[in-house]
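# A structural walkthrough
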Amino acid sequence: MTNNNSDIKLIAHLLRRAGFGATKDELDKYNSIGYENVVDALIDNNNSQRINDALVRRYFPDQSVTHDQVGGGAYFLYRLLLTDSPLREKIALFWHNVFATGYSKVTNGKPLSDQLRMFRDHGLSKLDKLLLKLSKDPAMIIWLDNIDNHNGAINENYGRELLELFSMGVGNYSEEDIKECARAFTGWSIANSDYIKELAVRNSIMPYGKLAWRYEYKENDHDNGEKTFLGHKGNFNGEEIIKIICEQPATARFISRHLYHFFVADEPPVPAWPYKEPQDSEAIDILEKAYFDSGYDIGEMIRVLFNSEFFKSERCHYKKIKSPAELAGNILRTTNEFTEPSIKITEYNSQIGFMGQTLLNPPSVEGWHQGTEWIETGSLTERVNFASQQLGDISKPGIKKIIENIIKNEGNSISAQICVDKCLEQLGAIETSQHTYKILVEFAQNNGISDINLVNDKENATKKISELMSVIGSVPEFQQS
Amino acid sequence: MISVTKSTSPIVEYHNTIGLCTMEGRGFMFPVDTAFDSNGYIYTINRGHKADPRTIRITKYNIHSEFFGTFLSYGNNDGQLLTPSSIAIDKNNNIYTCDELTSTVTIFDSNGKFINKWGHKGKGKSDLDGPTSIIFDQNEDIYISDQYNHRIQKFTNEGKFLLSFGSYGNNNSQLNLPWGISIDNNNNIFVANWRNNRIEKFSDDGKFIAQFGNYGNKEGELNRPSSVVVDNKEYIYVADWGNERIQIYDNKGIYISQIRGQATVSKWAQEFLDSNLEEASARSKANLKPDISQFNNDPHEESSHIEEFFWGPTSVKIHKNKLYVTESNRHRVQIYNILT
C-alpha cells in the first residue's frame, strides 16, 4: 500500500464521517490539498454555492413552505445531496438527533426547517450560543411545552430535557435544579402563542396555510425571583442558566460523548451513559479539554476530533452503522442523479423513512437510537434493496461515470479481482474484510466479467460491472462508515 | 382604501380575497394560475403536492365567492395531470391546462369533462419541455412558455405547430427558464424571463421589441419574475415573485408603483372561522402584521409571517378591469380594482 493510498483511505474515512462519502474523483481533489486542509475546509466552509432555494420554491412550493415533514424532509435531503459544504448538513443532522424535535407534535414543517437552518448556521459555533438559539427556537418551545411554562405555574419539560438530554446528562443535577431552570425560562415563548397552540393542536392549515412562527419574550410572564441553580444563586434568566450549564464538566463530557458517538464509533444509547463508561475514555478526555480550551466551541472540538489519532485509527474505520439519511445521502451523491430539485427527492425521502428515519420526525425527544438499532429485519431489507438498486442503475450519471472510469485503461479485458478493486476504489476507497473481498471476487468471476471483451462488448461489461456494484451496496462495509 | 404604493400614482385598490387552504373541495392548495370564462366563472388551477393527490385540482367559482366544484385528478391518463402549471380558456369556454412534468396540454369543457390532450416532451421543433404558461391570442391561437427549451412556442388550438421564438441566454430576446406570458391588445407577447430577472416584449411573430428590469429589490428591480400582464392603458403588472410583490410599470417599462398585498379574510375563510370558534377566538387576538424589520429584509420570510402579504405570487391576470393575483404559498387569490 502506498502512502498516497493511505492518505486517500484516511480522507475517505473523514468524508464518510464528516459528510456523506465521496467518490474517487472527489477524493482525488480532496487529497490534493492534504488531510488537515480538508478538515479545515470542512469546518470553515459555511456556504454551499450549489443550493438554489429559488428553484426549490419555484418547482416544489410544498418543500419551501413545508406544511408538513414530507416537504421539509425532502428539502433537507435535497441539501444533503447537493451541498458542497457537507459538514454543515452533517452537523444539522447531528443536532437534529441530539435536540430531537418532531413533527408529530409541532405539526408545522416550517418551524422545523427553520430549526434545521439554525443548526446549519450555528451548529459549529459555541455551545452557549447554540443553546441560547435552541431555547428561543419556536419549534422547540412547542415541542417541549415551554409555551406553557409560566411565572407561578411552571412546566418543567424544557428545563428537564435541557439538563438531561441536551447538556449534562442524568445524575448531574437535582430535581430542584430542574424546577429552578424551568423558572428561569418562564416567559420564553412564541408570538401569538394562543393562536399558534390552537393551530398546532388541530394541525390546521386554514385559512391561508400554516403561519411561520417566531420567538417572543414575555417579560410579564417571566419569574424574575431569586433562583438557586447548580449551587449558584441569583435572579437568573435563561441566559445565565445556559452560562452555568456550559461551565459544567458534566456538560463537556456529555457533549464530548455525543460527538464521539456520532463521528467516531457507536456508543451505547444515551440513557445507558450514566451506567457505562465510554469505550475510549482518553478520547473523551481530549474532547473535554478542547471544549474548555476553545470556550465551548463545537467547531474547534470537531477540528481536534478529526485530527486526533483516535479518529484516524483504523480501529474505528467501519465501526459505525450509517443512519438511513447517511446511507441514502452517500448513495444518491454517488449516483449523481440530482443537479437541481426533483420530484424524485420526495420519493427517496420516503424511502429513508421506510429504513427507520423519518426526517423532521424523530420518534421521541431522545432522537433515534443509533448503532445496531438501525438494523432490523424490515429496515435491513430496505437498506440493502435501496443500495443495490441505485448502485446497479446504469441510467444514473454517477454510475455511468464510475463504470467508464473502471473500464478506462484496462484494454480488452479486466480480471475479476481488478474489477472488484476498482469498484471499491471508485465508490469511495472502500476497504473490506478478507471474507467480503473473497465473496465479491467470486461473484465477479462467476458472473463472467473476465470473459467479456471490454472494447467489443462494452454494453455487457457495463451490465456486469453494475451488477457487481449492486452487490457491493449490500455488503457490511458499504452499509457502515 | 388605496393600495400601499411607493409612488404618487397609485393605480390599483384592494377589492377582496378569495380562497381557503384545503386539501380538497372548496379552496386551493398551492394554486398557480387563474383563468376566466365568458359566463363569469373563474377557474384556479392547483399544483397541489404529490404526497396527497386530492390537492391537485381545478377549483371553479365566481367573483362573489360562490363555489361550483372541482375537477381534474392526479395521474398520467387522459383528463389527469401530474404537475399542473397553467390554465387558459378559449372563446368556447374550453379549458386548456399545461402539465409541467409530462409536457402536455389537456383540454376540458367548462364542466370539467375531458376533451383532448396533445403535446409531447422533447427538444425538437413543436416539442415541449416543462410548459409553464399558456395563453390565447385574438385568433384563438395558443402561445406556450416552453420553459426548459427557453423559448415561446405558438400552436393552433388543436396543437398544430406554428412558430417558436426565443433561445437560451442572457442577451436581448434570449430567455432563461421563462415562466408567465401574456398578450396585450396590440398582440404583443410579454414574457416573465424568470432567471434573467426581466420582462421581454415580442411581436406576435416573435420579433424582439423591448425588455426591462434588472436583478434587485429596489423599486423597479426584479427578482425572478413569474408573471406579467398588460391592461387596456398599457400599464404592465409584474409578479415580482422573489421579492413577493407586484410591481407596476408604464408601457416603456418605467416603474410606477408596487403593492405588497392586503389580503383580508375571504368569505370561505370567514365561514370556516364562524364554525370553528376556538380557532377564531385565538386568531382574533393574534397579531398577524408583526414588525417587518425583524425578518432581515428577506421577502420570503416576511411573507411567511405577515399574512396579508403576497407569498409566492405566481400569476397576475386581468379580467373586467380587475387584477387577480394568485398566490401559491397562501392558497388564495387577491383581487384589486384597476383605477387607470
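Basis of the calculations
- Residue positions are counted from 1 within each chain, in the order its sequence is given.
- Both sets of labels track the order of writing: A upward for chains, 1 upward for ligands.
- It should be noted that, the model being predicted, local features are given only for residues of pLDDT at least 70 and side-chain atom pairs only at 80 or more, the latter also being counted only at that level, while totals for whole chains, interfaces and linings use all residues.
- Heavy atoms throughout the structure, all of them, feed into the side-chain values; hydrogens and water do not.
- Note on conventions: DSSP H or I runs of at least 4 residues are helices, E runs of at least 2 residues are strands, and numbering of each starts at the N terminus.
- Values of the radius of gyration come from C-alpha atoms, whereas the globule rule sets the reference at 2.2 Å times the count of residues to the power 0.38.
- Summary of the burial criterion: residues with accessible area below 20% of their type's maximum are buried, those above 50% are exposed, and those between are partly exposed, where the area comes from a 1.4 Å probe applied to protein chains only.
- Here, two residues are considered to be in contact whenever any of their heavy atoms come within 4.5 Å of each other.
- Note on areas: Shrake-Rupley with a 1.4 Å probe; residue coverage comes only from the protein chains shown.
- The convention is simple: Lys and Arg are positive, Asp and Glu are negative, and His and the chain ends are not counted.
- Charge positions are represented by NZ for Lys, CZ for Arg, CG for Asp and CD for Glu.
- A side-chain nitrogen of Lys or Arg and a carboxyl oxygen of Asp or Glu constitute a salt bridge if their distance falls within 4 Å.
- Polar contacts here mean pairs of N or O atoms no more than 3.5 Å apart (in protein, one a potential hydrogen donor and the other a potential acceptor; neighbouring residues in sequence count only if both atoms are side-chain atoms).
- Polar here means any residue outside two lists: the nonpolar Ala, Val, Leu, Ile, Met, Phe, Trp, Tyr, Cys and Pro, and the charged Asp, Glu, Lys and Arg; Gly therefore counts as polar.
- As used in this record, nonpolar core signifies buried Ala, Val, Leu, Ile, Met, Phe, Trp, Tyr and Cys residues forming a set joined through side-chain atoms within 4.5 Å.
- A pair of Phe, Tyr and Trp rings is counted when the ring centres sit within 6.5 Å of each other, with Trp represented by its six-membered ring. The angle between the planes then sorts it: under 30 degrees is stacked, over 60 is edge-to-face, the rest tilted.
- Sitting over a ring, as applied to charges here, requires NZ of Lys or CZ of Arg to be within 6 Å of the ring centre and within 35 degrees of the ring normal.
- Think of pLDDT as the predictor's per-residue confidence, scored from 0 to 100.
- A pair of strands is considered paired only if DSSP assigns at least 2 bridges between the two.
- Fitted lines through C-alpha atoms give the axes, limited to the stretch in contact for helices. The angle between two N-to-C directions lies from 0 to 180 degrees.
- What sets the label is the angle itself: under 35 degrees gives roughly parallel, over 145 gives roughly antiparallel, 65 to 115 gives roughly perpendicular, and the rest give oblique.
- Helix crossings are classified by the rotation of the near helix relative to the far one: an anticlockwise turn of less than a right angle makes the crossing left-handed, while a clockwise turn makes it right-handed.

## Some remarks on the overall build of chain A
Per the secondary structure count, chain A includes 27 helices and 4 strands. Taken against the 2.2 N^0.38 rule, which gives 23 Å for 481 residues, the C-alpha radius of gyration of chain A at 24 Å falls within 12% of a compact globule. Out of the 481 residues belonging to chain A, those deemed buried represent 62%. Taking all contacts inside chain A whose residues are at least 6 apart in sequence as the whole, residues at least 24 apart take part in 75%. Within the structure as shown, chain A displays about 17,800 Å² of accessible surface, and the carbon and sulfur contribution to it stands at 47%. Side-chain charges in chain A split into 52 positive and 67 negative, and the spacing between the mean points of these groups amounts to 3 Å.

## Considerations on the interface of chain B and chain A
The interface is formed by 49 residues belonging to chain B together with 36 residues belonging to chain A. Counting across the interface, chain B meets chain A through 4 salt bridges. Between the two partners, chain B and chain A, sit 16 residue pairs in polar contact (both at pLDDT 80 or more). Where the side of chain B that touches chain A is concerned, the elements lending two or more residues are strand S1 (12-19), helix H1 (267-274), helix H2 (277-284) and helix H3 (299-305) of chain B. In the side of chain B that touches chain A, the residues fall into 21 nonpolar, 16 polar and 12 charged.

## A look at unusual backbone geometry
Residues and elements named next belong to chain A. Geometrically, the link from Met-206 to Pro-207 is a cis peptide bond, its omega value of 5 degrees lying close to zero. Within the element layout of this structure, Pro-207 appears in the loop between helix H14 (193-202) and strand S2 (215-217). Even without a glycine there, the phi angle at Asn-336 is positive, about 55 degrees. The topology assignment puts Asn-336 in the loop between helix H20 (324-335) and helix H21 (343-354). For Asn-336, a relative accessible area of 36% puts it in the partly exposed group.

## Points about helix H12 (residues 157-164) of chain A
Residue pairs spaced three or four apart in an α-helix point in one direction, given the helix's 3.6 residues per turn. Among all positions of H12 of chain A, only Tyr-158, Gly-159, Glu-161, Leu-162 and Leu-163 of chain A are buried. As for H12 of chain A, its buried residues are in contact with helix H10 (127-135), helix H11 (138-143), helix H13 (175-184), strand S3 (227-229) and helix H15 (238-247) of chain A.

## What about the nonpolar core?
Judged by nonpolar contacts, the single largest core of 143 residues is most densely connected at Trp-95 and Phe-306 of chain A. Considering each element in turn, this core owes the most residues, 8 residues, to helix H6 (residues 69-82) of chain A. Setting aside residues up to four positions removed in sequence, Trp-95 of chain A forms contacts with Ala-100, Phe-119, Gly-123, Leu-127, Leu-130, Ile-255 and Ile-298 of chain A. Membership of the second largest hydrophobic core comes to 15 residues, among which are Ile-246, Ile-248, Ile-259 and Leu-323 of chain B.

## Some remarks on the environment of Phe-338 of chain A
Mapping Phe-338 of chain A onto the fold places it in the loop between H20 and H21. For the pair Phe-338 of chain A and Lys-396 of chain A, spaced 58 residues apart in the sequence, the C-alpha separation amounts to 9.5 Å.

## Focus on the side chain of Asp-127 of chain B
Residues and elements named next belong to chain B. Within the fold, Asp-127 resides in the loop between strand S11 (114-118) and strand S12 (131-136). At 3.4 Å, the side chain of Asp-127 and the backbone nitrogen of Lys-123 are in polar contact. Beyond its immediate chain neighbours, meaning those up to four positions away, Asp-127 contacts His-120, Lys-121, Gly-122, Asp-146, Asn-149, Arg-151 and Gln-153.

## Quick notes on the packing of aromatic side chains
One pass over the full model with this rule turns up 42 aromatic pairs over all chains. For the cation-ring pair, Arg-58 of chain A lies above Trp-194 of chain B, with the distance from its terminal atom to the ring centre recorded as 4.7 Å. Above the ring of Phe-478 of chain A, the side-chain terminus of Lys-322 of chain A is found at 4.3 Å from the ring centroid.

## Describing the confidence of the model for chain B
A residue-level look at chain B finds 97% of positions with pLDDT of 70 or above and a mean pLDDT of 95. Both confidence scores are given for the complex: pTM 0.94, ipTM 0.92.

## Concerning the side chain of Asp-37 of chain B
Position of Asp-37 of chain B among the secondary structure elements: in the loop between strand S2 (31-36) and strand S3 (42-46). Setting aside anything within four residues of it in sequence, one finds Asp-37 of chain B in contact with Tyr-43, Ile-89, Asn-93 and His-319 of chain B.

## Brief notes about the pairing of S1 of chain B
All names here are of chain B. Taken across its 8 residues, S1 has 6 buried, putting it largely inside the fold. Here S1 runs beside strand S28 (residues 332-338); their pairing, made up of 7 bridges, is antiparallel. Note that in S28 the partner of Ile-18 across the bridge is Val-333.

## So, helix H23 (residues 397-407) of chain A
All names here are of chain A. The complete set of buried residues in H23 reads Gly-398, Ile-399, Ile-402, Ile-403, Asn-405, Ile-406 and Ile-407. In this structure, the buried residues of H23 make contact with helix H2 (24-31), H20, helix H22 (377-391), helix H24 (416-426) and helix H26 (458-472). Of the residues trailing H23, Asn-409 is marked for its positive phi of about 70 degrees.

## Comments concerning the sheet that holds S11 of chain B
Residue and element names in this part refer to chain B. Here we have 4 strands laid out as an open sheet, ordered S8-S9-S10-S11, and antiparallel in their pairing. For this open sheet the edge positions go to strand S8 (84-89) and S11, each flanked by a neighbour on one side alone. Each strand of the sheet is rotated relative to its neighbour by a mean of 20 degrees, with strand direction disregarded. Pairing between strand S10 (residues 104-108) and S11: 4 bridges, direction antiparallel.

## A look at the pattern of salt bridges
Across all of its chains, the model carries 52 salt bridges over all chains by this definition. Its salt-bridge partner being Glu-301 of chain B, residue Lys-110 of chain A comes within 2.8 Å of it at the nearest N-O pair. On the criterion of chain membership, the pair formed by Lys-110 of chain A in helix H9 (residues 109-122) and Glu-301 of chain B in helix H3 is interchain, its members lying in two chains. Glu-301 of chain B gets classed as buried once you look at its relative accessible area, which sits at 10%. Within this structure, Asp-40, Asp-44, Glu-300 and Arg-303 of chain A form a network of salt bridges that share partners.

## Some thoughts on the pairing of S2 of chain B
Residue and element names in this part refer to chain B. Within S2, 6 of the 6 residues are buried, which leaves the element mostly enclosed by the surrounding structure. In the sheet, S2 pairs with S3 via 5 bridges, with the strands oriented antiparallel. Along S3, the bridge assignment pairs Ala-35 with Tyr-43.

## Some words on the sheet that holds strand S26 (residues 313-319) of chain B
Residues and elements named next belong to chain B. Pairing in this open sheet of 4 strands is antiparallel, and the strands run S1-S28-S27-S26 from one edge to the other. One side of each edge strand has no neighbouring strand; the edge strands of this open sheet are S1 and S26. Between one strand axis and the next, the sheet turns through 20 degrees on average, direction left out of account. In the sheet, S26 pairs with strand S27 (residues 322-327) via 6 bridges, with the strands oriented antiparallel. From the neighbouring strand, Lys-317 faces S27, where its bridge partner is Tyr-324.

## Quick word on the packing of helix H16 (residues 249-263) of chain A against helix H18 (residues 298-307) of chain A
Residue and element names in this part refer to chain A. Between H16 and H18, whose axes approach to 11 Å, the crossing angle comes to 50 degrees. Considering the angle they form, H16 stands oblique to H18. Judged by the twist between their axes, the crossing of H16 over H18 is right-handed. Residues Ile-255, Ser-256, Leu-259, Tyr-260 and Phe-263 of H16 lie in contact with H18, whose contacting residues are Ile-298, Met-301, Ile-302, Leu-305 and Phe-306. Among the residues making up the contact of H16 with H18, the classes are represented as 9 nonpolar, 1 polar and no charged.

## Observations regarding the environment of Lys-463 of chain A
Residues and elements named next belong to chain A. Looking at where Lys-463 falls in the secondary structure, it is placed in helix H26. When its relative accessible area of 41% is taken as the criterion, Lys-463 is described as partly exposed. Residues Lys-463 and Ile-449, spaced 14 residues apart in sequence, show a C-alpha to C-alpha distance of 9.4 Å.

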